[in-house]
Amino acid sequence: MAMTSDETTKICSHCDRAIPSSNIDLHFAHCSRNLERCKVCGDMVPRKYAEEHFLNTHAPVACSQCSETMEREILAIHKGENCPQRIVTCDFCEFPLPAVDLAEHQEVCGNRTELCHLCNRYIRLRERYNHESRCTGVPENTVGSSRNVRAAESDQGAHRRPAPPPPNEFYRKRFLLTIAITGIAVLLGSLFFQRKTETSQVH
């Protein structure tokens, strides 16, 4: 039955609702016996579901990625922005990895180099964006050229053969060798002739 507009009401001291004066005693008995006020949000919940209400609505929860416990209200923000185990991607190679490992990975990854096809220089990945904005497209071969020259000189030095002796030195050594051979031949011949003479005299 609808309550008439001129019917007086009273505020229930348990749930703070406006209740018709004629029903206030019955309502209060039922309300105080079956309902209780949540200490966190202030809602009136059935007594038998009060603990379930707290666990499902207000109890601290653990992050499924890092196991840190926090209020339920900030769990979504934690997972998206603060969790050290949330998956992020490297700025240089776009490899997915936990946020806690990102700094160490990017320190190594950012020092890798790639060839700029405009200026023909090898650029660190961490410097690539700044380089692209100021690259003139003019090849810079000065450093490479000097290195090539030094490498060529080094190779030439490593494979350089000793200079041949002068022609006069060659002929002088050959002449001395001929004299030595001739002397040995004469000495052997004289020894052989002397020995033959001594043998003839004995007979």
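Residues numbered from 1 in each chain as written. Predicted model: local features only at pLDDT ≥ 70, side-chain atom pairs only at ≥ 80, totals over all residues. Heavy atoms only, no water.

We now examine the pattern of salt bridges. Throughout the structure, instances matching the rule amount to four salt bridges. Here glutamate 36 makes a salt bridge to arginine 47, at a shortest N to O gap of 3.4 Å. Taken together, the positions of glutamate 36 in strand β3 (residues 35-37) and arginine 47 in the loop between β4 (44-46) and α2 (50-57) put the pair eleven residues apart, joining distant regions of the chain. Residue classification places glutamate 36 among the partly exposed residues on the basis of a relative accessible area of 27%. The partly exposed category is assigned to arginine 47, whose relative accessible area is 38%. With its nearest N and O atoms 3.9 Å apart, the salt bridge here joins arginine 126 to glutamate 107. With arginine 126 in the loop between β10 (121-124) and α5 (128-134) and glutamate 107 in helix α4 (residues 102-109), this pair connects stretches of sequence that are 19 residues apart. (Salt bridge = Lys/Arg side-chain N within 4 Å of Asp/Glu carboxyl O. Helix = DSSP H or I, 4+ residues; strand = E, 2+ residues; numbered from the N terminus. Buried < 20%, exposed > 50% of the residue type's maximum accessible area, 1.4 Å probe, protein only.)

We now examine the UniProt feature "domain: TRAF-type" (unreviewed entry) in the protein chain. Under the local residue numbering, the UniProt record ascribes the feature "domain: TRAF-type" (unreviewed entry) to residues 60-93. Secondary structure within residues 60-93 divides into 24% helix and 21% strand; the distance between the first and last C-alpha atoms comes to 37 Å. (UniProt positions renumbered as here; feature names shortened; annotations may be inferred.)

Glancing now at unusual backbone geometry. The phi torsion at aspartate 16 lies on the positive side, around 60 degrees, for a residue other than glycine. Inspection of the secondary structure puts aspartate 16 in the loop between β1 (9-11) and β2 (18-20). One non-glycine residue, asparagine 120, lies in the positive phi region at around 65 degrees. Its location among the elements puts asparagine 120 in the loop between β9 (113-116) and β10.

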